[in-house]
Each structure stands twice: as structure tokens, then as C-alpha cells.
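# Commentary on secondary and tertiary structure
The chain contents come next:
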Amino acid sequence: MSQEKYIGMDVHQATISAAVTDSRGKLIMESILETKAATILEFLQGLHGSLSVTFEEGVSAAWLHDLLKPHVTHLVVCDPRKNALLKDGSKSDRIDARKLAELLRGNQLTSVYHGEHGMRTIKELGRSYLTITKDLTRVMNRIKALYRSWAIPCSGTSVYAPRHRTEWLDKIPEPGVRLRAERLYQQLDLLQPVRQQARRDLLTESRKHHAVKLLRQIPSIGPIRAALLVAQLQTPHRFRSKRQLWAYSGFALETHDSGEYRYVRGKLQRNRERMTVRGLSNNHNPDVKNLFKGAAISASTHPGPLYDFYVALLEKGMRPTMARLTLARKIASITLTIWKKGVDFDATQLHRQEA
């Protein structure tokens, strides 16, 4: 029977510190590798037995994941925010690699999902579209901030339109500020066609995925939101239930409680007045949250089955903010069900009791 080996890698731009332990936790080998594909694969080929490898999520994680996946038995890209052991005691690349190997051997690592086969293209195109959209939004906000800093009201979108640009620039009396505004407009003009091309590329690629067609049936989930959901989530089977998707999307409640019990006259009693703090989880994917949140806001303002569901919540006395949160959860649940089962959207299922 081949011996199992656990390999921890501390990855950096130029080098990788690797530590190899056996099933008993004994350190077998340590090595400093150049961060190149040929060097890394040569190192793995020199090891015999069943290989389990781990490294932390980072800039090179996607590349290293795709490189190592076919060559090892078990691969874990771990969440660095949850590796408390690495922050304890002395710290160096060699020590971190040893600790990662030990945590892998003890199955104490929280993995970061790195996608399904055949989904890399739509994932990268979705990331490109979101990044360019954020850059464009940042420039637009800077333009309005510049006008407002000189007490020039600029509500609406006419401030961005090329045909009104001279009119808006004439409102700025200071030459240096006017020149700064012109530079921002140049950035805006460059980013807008790039964003349109990124949008076309994403939509073209999304037509190859049947899941996009299924998700577009959901009201308020248009072609871009459907494509981005598939790009971000990649597969519904990574979520066992809707509550896991809620947690991933930032819609799950976290409860923090302390001092539940006390002694009264020598007897243990539970406190009746407990100091419990509740709130939405901060550990989530912000892009997925924005997709479901945007869909809920759109659905709450446009007539349709989701709008009727939202209005019914308000009529029950629910606050608008909580109603929109519940609607976002409902859209997430419908997305997961339709995608997992491959069924069509059914408006009659909306009024089932929300768990």
C-alpha cells in the first residue's frame, strides 16, 4: 500500500516553500521551488504515493489549482482568514509550509471553491465585466464629486452625455479644475466602449450554458444577471441547501450570545434576559450579494409575481427593508431549485412558506 504524503505550500511570486509530511506527521522533506510550472511538476513527480496538497487562496491560486489538480490525489485551496494556527508563534515561509501540511493532515482547513471543468472562460469573462463596470462607476462618481465640490448641482445623467459636456464644463470657473474634469471625461469615453465589448463577450459565451437559459425565466433575472450568476456560482451542487446559498450571498443571520447561564442559590439557571446580537453575515461573496440584491430591488418595483410576493409581505406588517431581504432570499432559493432540478419557473411556488 502506497504511503500518503501531505504537502503544504507557502506560495509567493518568485518562490514556493514546500514541506512534506507523512501520515504520522513526520517531516520528510523541505524544499524551496521556483514559481514555475515545470519546477513544481518535477518536484511532485519525485514524490511517490498518494499526494495531498494545500496552499492558501491568493493571486496565483487559480493558476496553481489548474496546474496541480491532474497530478495529485487531493487538493485543497484553503481560506487564509481561517488559518489561525499560522498567526501563532514564529512566522516564516518554511514554518508556514509546515503548519499548512499539518493542518491538511488533520483535516482542519476550510477550502475555497475553485470551479468546475469547462467554466473557466465564463468565469473570467464575468470577472472582466464586473471589474470594468466598477472602474466605470468609479469614474462617474468622481465626475459628480468634482462638480459637487464646487457647489454645482449635477443630479441625473446629463452630466455624462457628450452633447451636454461643453455646457457642464463652462460651469467650472477654475481652469485647473476644468482640466481635471476633462481628464475624467476622457477616462469615461475610453471605458464605455470597453464595457460594451466586455458585455457582448459575456453574453456570447453565456449562450453556451443551458443554466443561463433556465435562470432567465425568473423575473428580474435578465441575461446579464443570469450570465454573472453562472459565472460566479458555476454549479448549484456546491450548495447542499438554500441556507448555504444564503450564507454565501450574505443573507444568513449570525447570532452572537454570551453568558447564557448563571447560578442562583446554588442552582444553574438559564438567563431570561439574554444579550443576543443578530446581524447578517459579513463573510460572503459581495458580487453574488449585489446580483440578488439588485434583482430584489428591481422585482419590488415592477409588476409581476415577485412584486405580488413583496406586496403580500408588506401587507403582513413587514418592514420594507426586511421584505426586500426576504424577497432576495426567495429569488436565491428559486435560482438554486431551478438550476439544480433543471425545471421551469413556476409562479405558484412563490407563496410556499418561507423557511
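Presented here is a report on the structure given in the accompanying data block. Computed from a prediction, not measured in an experiment: that's the story for all the values here.

## What to know about the overall build of the protein chain
Within the protein chain, the secondary structure is distributed over 12 helices and 9 strands. If you line up the protein chain on its principal axes, its C-alpha atoms span 75 × 65 × 50 Å. Here the protein chain holds 355 residues, and the buried ones make up 41% of them. For the protein chain, the share of sequence-separated contacts (at least 6 apart) that also reach a separation of at least 24 residues comes to 58%. Put simply, the protein chain shows about 20800 Å² of open surface, and 51% of that area lies on carbon and sulfur atoms. Side-chain charges of the protein chain comprise 56 positive and 34 negative groups, with the mean position of each set lying 6 Å from the other.

## Quick look at helix α8 (residues 223-233)
Of all 11 residues in α8, 9 are buried, a share of seventy percent or more. Burial in α8 covers these residues: I224, A226, A227, L228, L229, V230, A231, Q232 and L233.

## As for the packing of helix α10 (residues 286-299) against helix α12 (residues 320-341)
Running from N to C, α10 and α12 cross one another at 115 degrees; their axes reach a closest spacing of 8 Å. As far as their axial angle goes, α12 and α10 are roughly perpendicular. Helix-helix and strand crossings are classified by hand; for α10 and α12 the assignment is right-handed. Residue-level inspection shows F292, A295, A296, I297 and A299 of α10 in contact with α12, the latter providing R324, L327, A328, I331, A332 and T335. The residue makeup of the contact of α10 with α12, split by class, is 9 nonpolar, 1 polar and 1 charged.

## Considerations on the packing of helix α4 (residues 120-149) against helix α6 (residues 175-206)
Relative orientation of the contacting elements α4 and α6 amounts to 155 degrees, with a least axis distance of 8 Å. One way to sum up the angle between α4 and α6 is to call them roughly antiparallel. In this structure, the crossing between α4 and α6 has a hand that is left-handed. The class makeup of the residues in the contact of α4 with α6 is 19 nonpolar, 7 polar and 7 charged.

## So, unusual backbone geometry
Working note: non-glycine residues mostly have negative phi, and peptide bonds are mostly trans. Positioned with a positive phi, S220 is a non-glycine residue whose angle comes to about 80 degrees. Notably, Q234 is not glycine yet its phi reads approximately 70 degrees, a positive angle. With respect to the helices and strands, Q234 occurs in the loop between α8 and α9 (242-249). A relative accessible area of 7% places Q234 in the buried class.

## Side note on the pattern of salt bridges
Scanning the entire structure with this criterion turns up 15 salt bridges. Salt bridges sharing partners connect three or more residues here, namely D66, R120, E124 and R127.

## What about the packing of aromatic side chains?
One pass over the structure, following the stated rule, counts 2 aromatic pairs. Its guanidinium or amino end placed over the ring of Y248, R238 lies 4.8 Å from that ring's centre, counting from NZ or CZ. It is R329 that lies over the ring of W246; its NZ or CZ is 5.0 Å from the centre.

## Some points on the pairing of strand β1 (residues 4-11)
Judged by how many residues are buried, β1 sits mostly within the fold: 6 of 8 residues are covered. Hairpin geometry of β1 and strand β2 (residues 15-22) is characterised by an intervening segment of 3 residues between the two adjacent antiparallel strands.

What counts, and at which threshold
Residues numbered from 1 in each chain as written. Predicted model: local features only at pLDDT ≥ 70, side-chain atom pairs only at ≥ 80, totals over all residues. Heavy atoms only, no water. Helix = DSSP H or I, 4+ residues; strand = E, 2+ residues; numbered from the N terminus. Buried < 20%, exposed > 50% of the residue type's maximum accessible area, 1.4 Å probe, protein only. Contact = heavy atoms within 4.5 Å. Areas by Shrake-Rupley, 256 points an atom, 1.4 Å probe, with all protein chains shown as cover. Lys, Arg positive; Asp, Glu negative; His and termini not counted. Charge placed at Lys NZ, Arg CZ, Asp CG, Glu CD. Axes fitted to C-alpha atoms, helices over the stretch in contact; angles between N-to-C directions. Parallel < 35°, antiparallel > 145°, perpendicular 65-115°, else oblique. Left-handed = near helix turned anticlockwise from the far one by under 90°. Nonpolar A, V, L, I, M, F, W, Y, C, P; charged D, E, K, R; others polar. Salt bridge = Lys/Arg side-chain N within 4 Å of Asp/Glu carboxyl O. Phe/Tyr/Trp six-rings, centres within 6.5 Å; stacked < 30°, edge-to-face > 60°. Lys NZ or Arg CZ within 6 Å of the ring centre and 35° of its normal. Pairing = 2+ DSSP bridges.

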